[in-house]
Structure formats: structure tokens, C-alpha cells
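Coordinates in review
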Amino acid sequence: MLLDKEFVISEIDPRIYGSFIEQLGRAVYGGVYEPDHPTADENGFRQDVIDLVKQLQVPIIRYPGGNMVSGYNWEDGVGPKEERPRRLDLAWNALETNQVGTNEFVDWSKAVGAEVMMAVNLGTRGIDAARNLLEYSNHPGGTYWSELRKQHGYEEPHNIKTWCLGNEMDGPWQIGQKTAHEYGRLAAETGKVMKLVDPTIELVSCGSSGSGMPTFPEWEATTLEHTYDFVDYISLHQYYGNRDNDTANYLANTLDMDNFIKTVIATCDYIKAKKRSKKTMKLSFDEWNVWFHSNDQDKEIEPWTIAPPQLEDIYTFEDAILVGSMLNTLLKHSDRVRIACMAQLVNVIAPIMTETGGGIWKQTIFYPYYYTSVYGRGTALNPIIKSPKYDSKDFTDVPYLDSSVVYNEEDDELVIFAVNRHLENTLKVDIDIRSFEGMEVVEHVVLENDDAKATNTLDNEQVKPHSNGQSFIEDNKLVGVLPKMSWNMIRLRQLSNANGVSL
Ligand code: AHR
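The numbering scheme is per chain: residues are counted from 1 as the chain's sequence reads. Local features in this predicted model are restricted to residues whose pLDDT is 70 or higher, and side-chain atom pairs enter the listing and the counts only when it is 80 or higher, whereas totals over whole chains, interfaces and linings include all residues. Water and hydrogen atoms play no part in the side-chain values, which are based on all heavy atoms of the structure.

Time to look at the site of the ligand. Distances are taken per atom, and a residue is near a molecule or strand as soon as one of its heavy atoms is within 4 Å of it. Around the ligand, the surrounding shell holds 13 residues, and the nearest of these are Glu22, Asn67, Glu168, Tyr239 and Glu287. A distance of 2.6 Å separates an oxygen atom of the ligand from a polar atom in the side chain of Glu287. Gln344 is positioned such that a nitrogen or oxygen atom in its side chain is 3.0 Å from an oxygen atom of the ligand. A breakdown of the residues in the shell around the ligand according to their chemical character gives 6 nonpolar, 4 polar and 3 charged. For the purposes of these results, a polar contact is taken to be a pair of N or O atoms within 3.5 Å, where, inside protein, one atom must be able to donate a hydrogen and its partner to accept one; residues adjacent in sequence count only when each atom of the pair is a side-chain atom. Each residue is assigned to one class: nonpolar for Ala, Val, Leu, Ile, Met, Phe, Trp, Tyr, Cys and Pro, charged for Asp, Glu, Lys and Arg, and polar for all the others, Gly among them.

The following block contains the structure:
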């Protein structure tokens, strides 16, 4: 492997480490918000959840959906709580009490240090509801909706900058599913009007719900024909699962993710050329994760209950390895992927789990997300990798080594994130760090486990990282020692300062 300061992909937009909270299952009720919980603050937010989300340094959080938003009346979630209606949530067969809505979520996001990425309903609603929500949220005052916000106790505008024009509108499961032409027209007109209300906002147009959708990538091409001039991003969503219990094949799924991103970029650039546009479309990978463990148990859930335990995947060690690799893939495309949201954040397909009324714990996937978010800030570099390869059921030429590299100029720190996909062998990687002379290994964090199916629970954390990685510098080269089937973070620094004093 060869690294060089000059092999720059891009400065990383920190929003690549975003996440997602949907009004779904116990994400909000029993997760974010639980007024009777012993750690609840004066707003009813669980402090233990706030503390753990802050550890992840999540810069942006998408809200309120997801599929839920396509049947949502945002007006139900503002104003006096006792007057808020209970509604059927048709996306998830549940009962929505609306005790948390726009204002509460803005408050919570401030508490965790994140900005809000707000989605509008383009399923059952359209331009009018979207422009009103934007006026309510962002207009300083003197109009019907902005004054209503003030009456509700929010004198200052929320200034929400990033807005999603609906959610997964290509999906047959979506309330108000649309054809590409129908969605394209509606999204373009909604976007146009929203930018009249507040020209400072940025908009995300819905891309395909996954790389496997039959209409991908025609959906992107057709919708962008309509929306290109009005939007700033197109969305990508992708979930993986090891349904066949074939770990080698499962860990190769990031080849699909990589191809998905490349195809969306190509499609955007085709429309750019067709339109003779000067604008380059950015990508918002605003739903990504592993999701399959809970599929069967969710079929047993009683309909029309409040905050049922939906989508509560319990993640395994191998899931954490794939998540680490998905983060690598996002970093490798950080020139075009400027926003990404791990879906989701608390209880629902999440790195953080809570017991309603009880404790909190970290899933296996918490760890690669945590380390990449905290240490993956700066400039993404393009490592030149030579790796042995394997073939699996769905993929050929899968490199055993998957890696992304970040140079943090501020701290003069080089960070290598590396996955060894080999299920039996350690991978010893010679890394030429020619332009980083004098750097030393300060930390080699490893996530490894003999059991691919090991999980964490409240009382038993079987999957957690250690810092005893064996990487070392030899003859001005870094030798990375990556245990079989492992996720690794190798951090290097100049250990002497300018005066030659050891730090
Ligand atoms: O994140 C769970 C669901 O996955 C979201 O509601 C939807 O957008 C996607 O299908």
C-alpha cells in the first residue's frame, strides 16, 4: 500500500458522519424522549442518550422520516402537547402521539450538538405544507407561520439549512409512491417554492431506495431532468444483510455500495452535461446500515401500539466489520458524498440501544462509527492498494484489504482505517508512507472476535475494541498487522515537535 500527502481525494465534509432519527419504534419514545426516566432532563430527554450521542460527534441528524414522513402532518407535532392529536402511522402500523415534533427535535439536536436535516412530506402532501413548515421554522417573524412559532415559545428561527424533498418516493411501500416524472415535477416545484421562502437552504432530491431497485438508475436520470436546477444533492439509501449466512460474500457488499455511488455520480454528470449546467450535483447517502435481523420478529408486533420495539436489530461482530467497510467507502467518495446518515441512531437499527425505564448500551456497530467519526476528520487520501483477492457468491476480485486514509492537517495526524476481510488469516500490509517521514504509531485500535455472530447486550459487551494492535514502523515503512476478519484504526503522529522535544 502506498500513501502520499499529494494523493488527495477531498477535504471531508464532517456531515458524512451524520445519522437519522425517525418517529418510529422506540427511537424517539423510550430512546430520545422519556420524561419518566431517571436521567430525563427538564425537556424529558434522556441524558444518558444525549451523552452517548455526543460521544459519536454526530454533526447532522435527519428527521422525522423515513417512510413515516410520507403520511405526516407536521402541524400535529407543534403547539401545546395536550392538544396534539394521536394519529395512525400508516407507514409502520403504529400509533403516533405527537408528543415530540419539530420544536422538541430542534431542542434535542442542540443538546447533542447536531444540526437538523428536515424532511418534508411529498407523499400525501406537497408544496403548501412544505413551504409552511419552512416559514414556521426559518422565517424571523411578522408572518402567520413565524408568529405561530413564537407563540409556541420559539422566538428565534431554527434556521434549518438542509431539507429533504420527501423520502424513497420510488418505493411501492411508500405512502403516495410516485413515478419518476410525477416525483420529479413535484420535487422541482416544491424546491423552487421553498427556495423562494428561504434562498439560503439546501435541498436533497430523492434518489433510488437502493441499488437493487428495478428503476435504478433510470429514476435518477428522469427525476434529475426535472430537479437539477433546484436541488443541491441527490439521495442514496442502502441496507445490507447476511441472509444466507455467507460471511465472505456479506463482507464484500461494499463493492456493490461503491458501484452504486459511481453509477449515481455518472448519472448526475450525464444530466449535468445534457443541461450544459455548471453545477455539480452532490450526493447525500442519507440512509445506510445493516438491516435484516429484526425483519421476522417485526411481523409479530401488535398493530396500532405506541412506540413498539420495531427494527431492533441486535448487531453481530461481522455486522460491525461491514459497517466499518461502509464508512471506508463513504470516505473514498468524499469528494461527491458530502452528507451521509447512518440509519438510524437510537433503538431502531441503531448503534445505541436503551431499555425503556432502564439502562443504555453500545451495539457492535457503535465502535467503527465512533472511531471513524471522531478521528476521520481532515483530508481523505487515496491509498494505492495491492491486495490478494477472492471470489464470493455475488462478487469477483474482492480485495481482502479494504482501507481508507485521512490526513488531519490540524493535528498533523495520519489515520488509516483498514478492514481485513480474510476469515482465517492475518494480513501483514507494507505501507509506504513516504511523505509522512518521522511519523510514529500512536495507537492501533482493533475490533476482532473469534465469533462472527458475537453480539453485545446491556450486561455483556462481547464485542469491543482493544488498543493492542501490532503495527510498527520498520525501515521508514509502516507495517500494518491486521488480524483475521478485523476492523482497525492505525493512528500516526509526528512524535517530536520542532524543538526536538518528545511530546
Ligand atoms: O430506516 C428505516 C426505513 O428504511 C426508512 O423509514 C425508510 O426510508 C427506509 O426504507
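As summarised here, the arrangement of the 6 strands in space is β1-β15-β18-β19-β24-β21, forming an open sheet in which the pairing is antiparallel. Bordering the open sheet on either side are β1 (8-11) and β21 (439-447), each of which pairs with just one other strand. In this sheet, neighbouring strand axes are inclined to one another by 20° on average, regardless of whether the strands run parallel or antiparallel. Two strands pair if DSSP finds at least two bridges between them. By definition, any uninterrupted DSSP run of H or I lasting at least four residues is a helix, any uninterrupted run of E lasting at least two residues is a strand, and each is numbered from the N terminus. Pairing analysis gives 8 bridges linking β21 to strand β24 (residues 486-494), with the strands arranged antiparallel. The residue bridging Val441 from the neighbouring strand is Leu492, located in β24. Lines fitted to C-alpha atoms define the axes, with helix axes restricted to the stretch in contact, and inter-axis angles between N-to-C directions lie between 0 and 180 degrees.

What UniProt calls "domain: Alpha-L-arabinofuranosidase C-terminal" (unreviewed entry) maps, in this numbering, to residues 286-486. Measuring from the first to the last C-alpha atom of residues 286-486 gives 26 Å, for a span that is 15% helix and 34% strand. UniProt positions are given in the numbering used here, feature names are shortened, and annotations may be inferred rather than shown by experiment.

Counting residues in hydrophobic clusters, the biggest one holds 153 residues, and the most contacted among them are Ile21, Trp108, Trp163, Phe285, Leu414 and Ile416. Among the elements that make up this core, the one with the highest residue count is helix α10 (residues 317-332) (9 residues). Each domain's extent is set by a domain assignment, obtained either automatically or from a database. The residue makeup of this core includes at least three contributed by each of domain 1 (13-378) and domain 2 (381-498). Note on contacts: a residue pair is in contact if any heavy atoms of the two residues lie within 4.5 Å. Discounting residues that sit within four places of it in the chain, Trp163 has contacts with Met118, Val120, Leu133, Leu134, Ser137, Asn138, Met194, Ile201, Glu202, Leu203 and Val204. Take the buried residues of types Ala, Val, Leu, Ile, Met, Phe, Trp, Tyr and Cys, join any two whose side-chain atoms come within 4.5 Å, and each joined set is a nonpolar core. Exposure is judged per residue with a 1.4 Å probe applied to protein chains only, and the accessible area is read against the type maximum: over 50% gives exposed, under 20% gives buried, and values in between give partly exposed.

Another point: the confidence of the model for the protein chain. Looking at the protein chain, pLDDT values average 97 and 98% of them are 70 or higher. A score between 0 and 100, pLDDT records how confident the predictor is in each residue. Counting interchain partners and residues more than four positions distant, the pLDDT-below-50 stretch residues 497-503 has 6 contacts.

A separate point is the pattern of salt bridges. Counted as salt bridges are all cases of a side-chain nitrogen of Lys or Arg within 4 Å of a carboxyl oxygen of Asp or Glu. Scanning the model with the defined rule gives 30 salt bridges in all. The partner of Glu189 in a salt bridge is Arg185, and the shortest N-O contact between them spans 3.5 Å. Taken together, the positions of Glu189 and Arg185, both in helix α5 (residues 180-197) and 4 residues apart, correspond to about one turn of that helix. The shortest N-O distance in the salt bridge between Asp296 and Lys299 comes to 3.1 Å. Across the pair, exposure class does not vary: Asp296 and Lys299 are exposed alike. Connected through shared salt-bridge partners, Asp13, Arg15, Glu202 and Lys282 make up one network.

Before going further, it helps to spend a moment on helix α11 (residues 366-375). Counted residue by residue, α11 has 8 buried out of 10 residues, so it is predominantly covered. Taken as a whole, α11 has its buried residues at Phe366, Tyr367, Pro368, Tyr369, Tyr371, Thr372, Ser373 and Val374.

This paragraph deals with the pairing of strand β18 (residues 401-408). Summarising burial for β18: 8 of the 8 residues are buried, a large majority. Residues Leu401, Ser403, Val405 and Tyr407 of β18 are buried on one face, and the alternating residues Asp402, Ser404, Val406 and Asn408, pointing to the opposite face, are buried as well. The sheet contact formed by β18 and strand β19 (residues 413-420) spans 8 bridges and is antiparallel. Looking across to β19, one finds that Ser403 is bridged to Ala418. If you look at the hairpin formed by β18 and β19, you'll find 4 residues sitting between the two strands, and Asp412 has a positive phi there, around 45°.

What follows concerns the packing of helix α3 (residues 127-138) against helix α4 (residues 144-151). With their axes 7 Å apart at the nearest point, α3 and α4 run at an angle of 50° to one another. Relative to α4, the element α3 lies oblique. Between α3 and α4 lies a crossing whose hand is right-handed. Residue-level inspection shows Asn132, Glu135, Tyr136, Ser137 and Asn138 of α3 in contact with α4, the latter providing Tyr144, Trp145, Ser146, Leu148 and Arg149. A per-class count over the contact of α3 with α4 returns 4 nonpolar, 4 polar and 2 charged. These descriptions rest on fixed angle ranges, namely under 35 degrees for roughly parallel, over 145 for roughly antiparallel, 65 to 115 for roughly perpendicular, and the rest for oblique. By convention, the crossing between two helices is left-handed when the near helix turns anticlockwise from the far helix through less than a right angle, and right-handed when the turn is clockwise.

Given two aromatic rings, one states the distance between the centres and the angle between the planes to describe the pair. Each aromatic pair joins two rings of Phe, Tyr and Trp (for Trp, the six-membered one) with centres within 6.5 Å, and gets the label stacked for planes under 30 degrees apart, edge-to-face for over 60, and tilted for any other angle. All chains considered together, the criterion is met by 20 aromatic pairs. On the basis of an interplanar angle of 35° and a centroid distance of 5.9 Å, the ring pair of Tyr371 and Trp487 is categorised as tilted. Placement of Tyr371 in helix α11 and of Trp487 in strand β24 is noted, with a sequence separation of 116 residues between them. Overall, the relative accessible area of 13% leaves Tyr371 in the buried class. Overall, Trp487 belongs to the buried group, its relative accessible area being 0%. Criterion for a charge above a ring: Arg CZ or Lys NZ at most 6 Å from the ring centre, at most 35 degrees from the ring normal. Its end group placed over the ring of Phe20, Arg62 keeps NZ or CZ at 4.7 Å from the ring centre.

This next bit is on the state of the cysteines. Working definition: a disulfide is two cysteine sulfur atoms within 2.5 Å of each other. Summed over all chains, the structure comprises 0 disulfides. Cysteine Cys268 remains unbridged, with the sulfur of Cys206 as its closest cysteine sulfur at 13 Å. We classify Cys268 as buried; its relative accessible area is 0%. The thiol of Cys341 is not disulfide-bonded; the next cysteine sulfur, from Cys164, is found 7.2 Å away. With a relative accessible area of 0%, Cys341 lands in the buried category.

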